[in-house]
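# Structural characterization, general
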Amino acid sequence: MVPESYYVTLSAVLFTIGVVGVVIRRNPLVIFMSIELMLNAANLALVAFGQRLGNLDGQAVVFFVMAVAAAEVAVGLAIIVAIFRVRRRLSVDDLSLMRW
Amino acid sequence: MAHAAFFIVAALAIGSALGLILRKNAIHGALFLIVNLGAIAALYLMLGAEFLAAAQVIVYAGAIMVLFVFAIMVLIPGKEESGPDPRRGARLLAVPVGALLCLLLVFVVAGQWSGPRGPGAPSGSVAAVGRLLFTSYLFPFELTSVLLLAAMVGVLLLAKRRA
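What you see is a predicted model, and the numbers here were worked out from it, not measured in a lab. (Residues numbered from 1 in each chain as written. Chains lettered and ligands numbered in written order. Predicted model: local features only at pLDDT ≥ 70, side-chain atom pairs only at ≥ 80, totals over all residues.)

### Concerning the overall build of chain B
Helix and strand counts for chain B stand at 7 helices and 0 strands. Counting only residues that meet the buried cut, chain B has 25% of its 163 residues in that class. A fraction of 54% describes how many contacts in chain B between residues 6 or more apart in sequence connect residues 24 or more apart. (Helix = DSSP H or I, 4+ residues; strand = E, 2+ residues; numbered from the N terminus. Buried ≥ 20, exposed ≤ 12 C-beta atoms within 10 Å, placed from the backbone. Contact = placed C-beta atoms within 7 Å.)

### Digging into the interface of chain B and chain A
Each partner contributes to the interface: chain B provides 71 residues, whereas chain A provides 64 residues. Elements supplying a minimum of two residues to the side of chain B that touches chain A: α1 (2–22), α2 (26–46), α3 (50–75), α5 (94–110), α6 (126–133) and α7 (138–160) of chain B. With 11 residues, α3 of chain B is the largest single contributor of residues to the side of chain B that touches chain A. Here the residues of the side of chain B that touches chain A sort into 56 nonpolar, 10 polar and 5 charged. (Nonpolar A, V, L, I, M, F, W, Y, C, P; charged D, E, K, R; others polar.)

### Looking at the environment of Y60 of chain B
Residue and element names in this part refer to chain B. You can see Y60 is positioned in helix α3. Overall, Y60 belongs to the buried group, with 25 C-beta atoms counted inside 10 Å. For the pair Y60 and L33, spaced 27 residues apart in the sequence, the C-alpha separation amounts to 9.8 Å. Sequence-distant contacts of Y60, that is, excluding residues within four places in its chain, are made with L37 and M65.

### With respect to the packing of helix α3 (residues 57–87) of chain A against α6 of chain B
In contact at an axis separation of 10 Å, α3 of chain A and α6 of chain B are set at 75° when each is read in the N-to-C sense. One way to sum up the angle between α3 of chain A and α6 of chain B is to call them roughly perpendicular. The residues of α6 of chain B that touch α3 of chain A, namely those facing Q59, A60 and F63 of chain A, are V129, L132 and L133 of chain B. The residue inventory of the contact of α3 of chain A with α6 of chain B, partitioned by class, reads 5 nonpolar, 1 polar and no charged. (Axes fitted to C-alpha atoms, helices over the stretch in contact; angles between N-to-C directions. Parallel < 35°, antiparallel > 145°, perpendicular 65-115°, else oblique.)

### Concerning α2 of chain B
Given a rise of 1.5 Å per residue, 21 residues ought to cover 30 Å, and the 30 Å separating the end C-alpha atoms of α2 of chain B matches this to within 8%. One or two positions beyond α2 of chain B, positive phi appears at G48 of chain B, with a value near 85°. (Expected span 1.5 Å × (residues − 1).)

### Some points on the packing of α3 of chain A against α3 of chain B
Taken N-terminus to C-terminus, the directions of α3 of chain A and α3 of chain B make an angle of 5°; their axes are 11 Å apart at the nearest point. If you check the angle between α3 of chain A and α3 of chain B, you find them roughly parallel. Contact residues: Q59, V62, F63, M66, A69, A70, V73, A74, L77, I80, V81 and F84 of chain A in α3 of chain A; L52, A55, V59, A63, I64, L67, A71, V74 and L75 of chain B in α3 of chain B. Residues of the contact of α3 of chain A with α3 of chain B, tallied by class, amount to 20 nonpolar, 1 polar and no charged.

Next up, the structure:
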């Protein structure tokens, strides 16, 4: 039986890779996929903690995270497509209109 | 045996995550992310969460990634992120900061496991999770349908507006 702390450590590593991906990439689609990576890392931690504590609540929460992620992807991709229609380029560095 | 399987799947997950953020081509990144989601589904199975493993493959690796690949195909005709990066130095700073964040996370969430152990491993079968979703989590479950409807209406609004 693999200890749950291994799963949580793996989840922390995956989450960090997602954070670094969001920061170092310029393509909004790749940034979006890195966000999905972070969501999955958090889900893995939730399932591992639920396993450790012996209840199913963690898995129920993961189910809701999946549903919210599906809605988020649909809306986010629609926004990216709408921005692309106006700008004809795809780089987050162009989108600095609201920058302080 | 279980340890060996875990380390193989974990290496697959970390390698594909690195592939996602390091490959220049977005479609390669999407394929790496599918491998990563599959690896996480395998980890769910090892943790006894069968329902979530199936949902992960169907919802994430199936539906969401199809949407991603579709968007990439529509938006990017060829190479992406070409040209020199004017903020390369600032971006590369993310790597040491990320390493620091990773150490911190591991220290906080995985370093100290002194909490009480629960009464055995729960069953992650469809029946058990479904019973929980339709009893304690009934209201959030119904709210999910409202959320999905709102997302669908919003996407239609965004997509229909022609320039």
